[in-house]
Amino acid sequence: MSVHAKAPAAIAEELGERLKQARLNHDMTQSEVAESAGVSRKVVLNAEKGRVQLETLIAIMMALNLTAQLDHFIPKQIISPVQLSKLQGKQRQRASGQRKNQDEEALEW
């Protein structure tokens, strides 16, 4: 799946299809996955349609032994050296929401 130029709903639907195929590959019913994940069968059905909350997605992935895939899904992010120096060694906790390029402001005549 290439996520470029796809709507969020289309990506969610594709992820749901992948969950369904993983379930079938494990030869598990929706009810078996639901019981293992601690959710209802309807929640598993909705997840396979791409409508799922994050915690539920993780629980279903755990039931299907797919959590090792999470590092490929969203790799751990390292702190950039520039951010680290700006923060004087402290890890950033939130974004300011403002992006100013100080170099551009300094170059204005």
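Further up the page is the structure itself.
Please read these numbers as outputs of a predicted model, since none were measured by experiment.

J.: Sorry, what's going on with the nonpolar core here?
T.: In a soluble, globular protein the nonpolar side chains are often hidden away together inside. Core analysis: the biggest nonpolar cluster contains 15 residues, and Leu19, Val33, Ile60, Leu64 and Leu66 have the highest contact counts within it. Counting only elements with at least two residues in this core, the list comes to α1 (8–25), α2 (30–37), α3 (41–48) and α4 (54–63). Broken down by element, this core gets its largest block of residues, five residues, from α4. Non-local contacts of Val33, meaning those with residues more than four positions away in its chain, are made with Arg23, Met28, Val44, Ile60, Ala63 and Leu64.

J.: How do you make sense of the side chain of Arg23 when you look at a structure like this?
T.: Relative to the elements of secondary structure, Arg23 occurs in helix α1. Residue Arg23 is classed as buried on the basis of its relative accessible area of 8%. Beyond its immediate sequence surroundings of up to four residues, Arg23 is in contact with Met28, Thr29, Gln30, Val33, Glu48 and Leu64.

J.: What exactly am I supposed to notice about a nonpolar patch on the surface here?
T.: Residues Leu54, Ile58 and Met62 make up a contiguous nonpolar surface patch of roughly 300 Å² in combined accessible area. Mapped onto the secondary structure, Leu54 falls in helix α4. Overall, Leu54 belongs to the exposed group, its relative accessible area being 59%.

J.: I would appreciate a short explanation of unusual backbone geometry in the present structure.
T.: Across the chain, the bulk of peptide bonds are trans and the bulk of non-glycine residues have phi less than zero. For Asp27, which is not glycine, the phi dihedral falls at a positive 55°. A positive phi is found at Asn65, a non-glycine position, where the angle reads about 55°. Secondary-structure assignment places Asn65 in the loop between α4 and α5 (70–73).

Rules used in this analysis
- Residues numbered from 1 in each chain as written.
- Predicted model: local features only at pLDDT ≥ 70, side-chain atom pairs only at ≥ 80, totals over all residues.
- Heavy atoms only, no water.
- Core = buried A, V, L, I, M, F, W, Y, C linked by side-chain atoms within 4.5 Å.
- Buried < 20%, exposed > 50% of the residue type's maximum accessible area, 1.4 Å probe, protein only.
- Helix = DSSP H or I, 4+ residues; strand = E, 2+ residues; numbered from the N terminus.
- Contact = heavy atoms within 4.5 Å.
- Patch = residues over 30% accessible without salt bridge, like charges linked within 9 Å, V, L, I, M, F, W, Y side chains within 5 Å.
- Areas by Shrake-Rupley, 256 points an atom, 1.4 Å probe, with all protein chains shown as cover.
- Salt bridge = Lys/Arg side-chain N within 4 Å of Asp/Glu carboxyl O.

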